[in-house]
Amino acid sequence: MNVLITGGAGFLGQRLAARLREHPVLLGTDGREERVDRIVLLDVTVASGADDHRVVAVAGDVSDRRLLEELIQPDTTAIFHLAAVVSGAAEADFDLGMRINLDASRQLLEVCRQRGHRPTMVFTSSVAVFGGDLPDVVQDSTAVNPQSSYGAEKAIAELLVSDYSRRGFVDGRVLRLPTVSVRPGRPNAAVSSFASGIIREPLNGEPAVCPVAADTRLWILSPSRAVDALVRAQQLPGDALGRQRVVNLPGLSVTVAEMVQALERVGGPQAASLIRWEPDARIQQLVSSWPGAFSTPRGRALGFEADSDIDAVVRAYIAEQAT
């Protein structure tokens, strides 16, 4: 089996590739498990991991139709479409967001339709597809109502994956990811970047800025659980999803204050003291438009799991950095 990961140089792409190198088994188009022989990592920069003979790192534009035609061949039976322009960048550059978050998704689906081999495709969406007048707890049946360009682009791509699946062009699975925290590395242009920064930077002995109010509620998922979800989604039989290809993933509903309290319990008072509260009205408005709590009976029934508690998320980050 050949696997394509768009956004392969990114945080989740790299973790997913590492997981597949360690456990190289996925679901084939015939519904039986197959061994992963080749992993293609597509991104704008060359991804690491190409020292493994099974990994091919390709630098290129995910919206380039000819490049996608080159990379997606009849034996490319599993695709993880993770590439995206993050929320803040998509809001700042409308054309870029539309080209990468929407047009590239359509091009990828079209190449799959052209090949005619109906690959399994896992697409990562976002809680940013929701917004407006929301219930306190979002249900699986809650309608999408994005309040940002990023959310709109993800919502449209969700519909495309679902319809291409209905027509039999792909076997699609859409995961609405909670905010993934704690991400390693440096801050990025995502509006939600602070959700990792207020844990990561203080644990590294560095100051962090929190741009939202302490009572702002977030729906979060740890990196390891996010990768678990990607693999689980690919290995689900299509019949288990039926006509509804979109899954709200289980997560943790926590306020920013609760995250800081967990940081203090796990990392100590000195770590928590490194956070500065500097309100940013633009970020607060966007983050407040996202739901902070979900009821996810369908996701749980399909085998997806949340983290046990916020302290466990912080401890997991510390343990991973120590390895």
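Quick look at the structure, then.

Reading the values: the criteria
- Residues numbered from 1 in each chain as written.
- Predicted model: local features only at pLDDT ≥ 70, side-chain atom pairs only at ≥ 80, totals over all residues.
- Heavy atoms only, no water.
- Helix = DSSP H or I, 4+ residues; strand = E, 2+ residues; numbered from the N terminus.
- Rg over C-alpha atoms; globule rule 2.2 N^0.38 Å.
- Buried < 20%, exposed > 50% of the residue type's maximum accessible area, 1.4 Å probe, protein only.
- Contact = heavy atoms within 4.5 Å.
- Lys, Arg positive; Asp, Glu negative; His and termini not counted.
- Charge placed at Lys NZ, Arg CZ, Asp CG, Glu CD.
- Pairing = 2+ DSSP bridges.
- Axes fitted to C-alpha atoms, helices over the stretch in contact; angles between N-to-C directions.
- Parallel < 35°, antiparallel > 145°, perpendicular 65-115°, else oblique.
- Expected span 1.5 Å × (residues − 1).
- Arc of directions from axis to C-beta.
- Polar contact = N/O pair within 3.5 Å; in protein donor to acceptor, adjacent residues only side chain to side chain.
- Salt bridge = Lys/Arg side-chain N within 4 Å of Asp/Glu carboxyl O.

1. Description of the overall build of the protein chain
Consideration 1: Scanning the protein chain for helices and strands turns up 13 helices and 14 strands.
Consideration 2: By the compact-globule yardstick of 20 Å for 323 residues, the protein chain fits well, its C-alpha radius of gyration being 19 Å.
Consideration 3: Dimensions along the principal axes, computed over C-alpha positions, put the protein chain at roughly 55 × 45 × 40 Å.
Consideration 4: Across the 323 residues of the protein chain, 54% fall into the buried class.
Consideration 5: Pairs at least 24 residues apart make up 77% of the contacts formed inside the protein chain by residues separated by at least 6 positions.
Consideration 6: Considering the protein chain, the positive charge centre built from 33 side chains and the negative charge centre built from 39 side chains are found 4 Å apart.

2. Digging into the sheet that holds strand β11 (residues 217–221)
Consideration 1: The strand order β9-β11-β13 describes an open sheet built from three strands, whose pairing is mixed. Strand pairing shows two members of the sheet lacking a second neighbour, β9 (179–180) and β13 (252–255), which therefore form its edges.
Consideration 2: Of the strand pairs in this sheet, β9 and β11 are connected by two bridges, and their pairing is parallel. What sits directly across from Thr 179, in β11, is Ile 220.

3. Topic: the environment of Gln 284
Consideration 1: By secondary structure assignment, the location of Gln 284 is in helix α11 (residues 281–288).
Consideration 2: Gln 284 sits in the partly exposed class, given a relative accessible area of 21%.
Consideration 3: Along the chain, Gln 284 and Ser 192 lie 92 residues apart, while their C-alpha atoms are 10.0 Å from each other.

4. Focus on the packing of helix α4 (residues 94–115) against helix α5 (residues 149–166)
Consideration 1: Their axes nearest at 9 Å, the elements α4 and α5 cross at an angle of 10°. Relative to α5, the element α4 lies roughly parallel. Here α4 contributes Phe 94, Gly 97, Met 98, Asn 101, Leu 102, Ser 105, Arg 106, Leu 109, Glu 110 and Arg 113 to the contact with α5, which in turn contributes Ser 149, Tyr 150, Glu 153, Ile 156, Ala 157, Leu 160, Val 161 and Tyr 164.

5. Observations regarding the sheet that holds strand β4 (residues 38–43)
Either a parallel or an antiparallel arrangement is found when strands of a sheet pair, and the pairing is made through backbone hydrogen bonds.
Consideration 1: With respect to topology, seven strands assemble into an open sheet ordered β5-β4-β1-β6-β7-β8-β12, the strand pairing being parallel. Here the strands that pair on one side only, and so sit at the sheet edges, are β5 (55–59) and β12 (246–248). The average undirected angle you get between the axes of adjacent strands in this sheet is 15°.
Consideration 2: Contacts between helix α7 (residues 223–235) and the sheet are confined to β6 (76–81), β7 (120–126) and β8 (171–177), with β8 contributing the most and set at about 160° to the helix.

6. Notes on helix α13 (residues 310–322)
Working note: α-helix, 3.6 residues per turn, so residues spaced by three or four point in the same direction.
Consideration 1: Its 13 residues give α13 an end-to-end C-alpha distance of 19 Å, which sits within 8% of 18 Å, the value for a rise of 1.5 Å per residue.
Consideration 2: For α13, the full list of buried residues reads Ile 310, Asp 311, Val 313, Val 314 and Tyr 317. One side of α13 carries all its buried residues, which in axial view fall inside an arc of 165°.
Consideration 3: The inward-facing, buried residues of α13 contact α6 (194–203), β11, β13 and α9 (256–267).
Consideration 4: Measuring from the backbone nitrogen of Asp 311 back to the side-chain oxygen at the start of α13 gives 3.1 Å, which picks out Asp 309 as the cap.

7. Some remarks on the side chain of Thr 255
Consideration 1: For Thr 255, the position within the fold is in strand β13.
Consideration 2: What makes Thr 255 buried here is its relative accessible area of 11%.

8. With respect to the pattern of salt bridges
Consideration 1: Summed over all chains, the structure comprises 17 salt bridges.
Consideration 2: Among the ionic pairs, Glu 305 bridges to Arg 225, the shortest N-O distance being 2.8 Å. Taken as a pair, Glu 305 in the loop between α12 (297–301) and α13 and Arg 225 in helix α7 lie far apart in primary sequence, 80 residues in all.
Consideration 3: You can call Arg 225 partly exposed: its relative accessible area is 24%.
Consideration 4: What emerges from the salt-bridge pattern is a single network uniting Arg 19, Arg 225, Asp 228 and Glu 305.

9. Focus on the pairing of β4
Consideration 1: Burial runs high along β4: five of the six residues are buried.
Consideration 2: Here strand β1 (residues 2–6) runs beside β4; their pairing, made up of five bridges, is parallel. Note on β4: the bridge partner recorded for Thr 6 is Leu 42.
Consideration 3: Summarising the sheet, β4 and β5 pair through five bridges and their orientation is parallel.

10. Some words on α9
Consideration 1: Taking 1.5 Å per residue, 12 residues should reach 16 Å; α9 reaches 16 Å between its end C-alpha atoms and fits that length.
Consideration 2: Every buried residue belonging to α9 is among Val 256, Met 259, Val 260, Ala 262 and Leu 263, and all of these are buried. Viewed end-on, α9 has its buried residues packed into an arc of 155°, placing them on one side of the element.
Consideration 3: Looking at the residues trailing α9, positive phi occurs at Gly 268, about 100°.

By themselves these figures say nothing about function.
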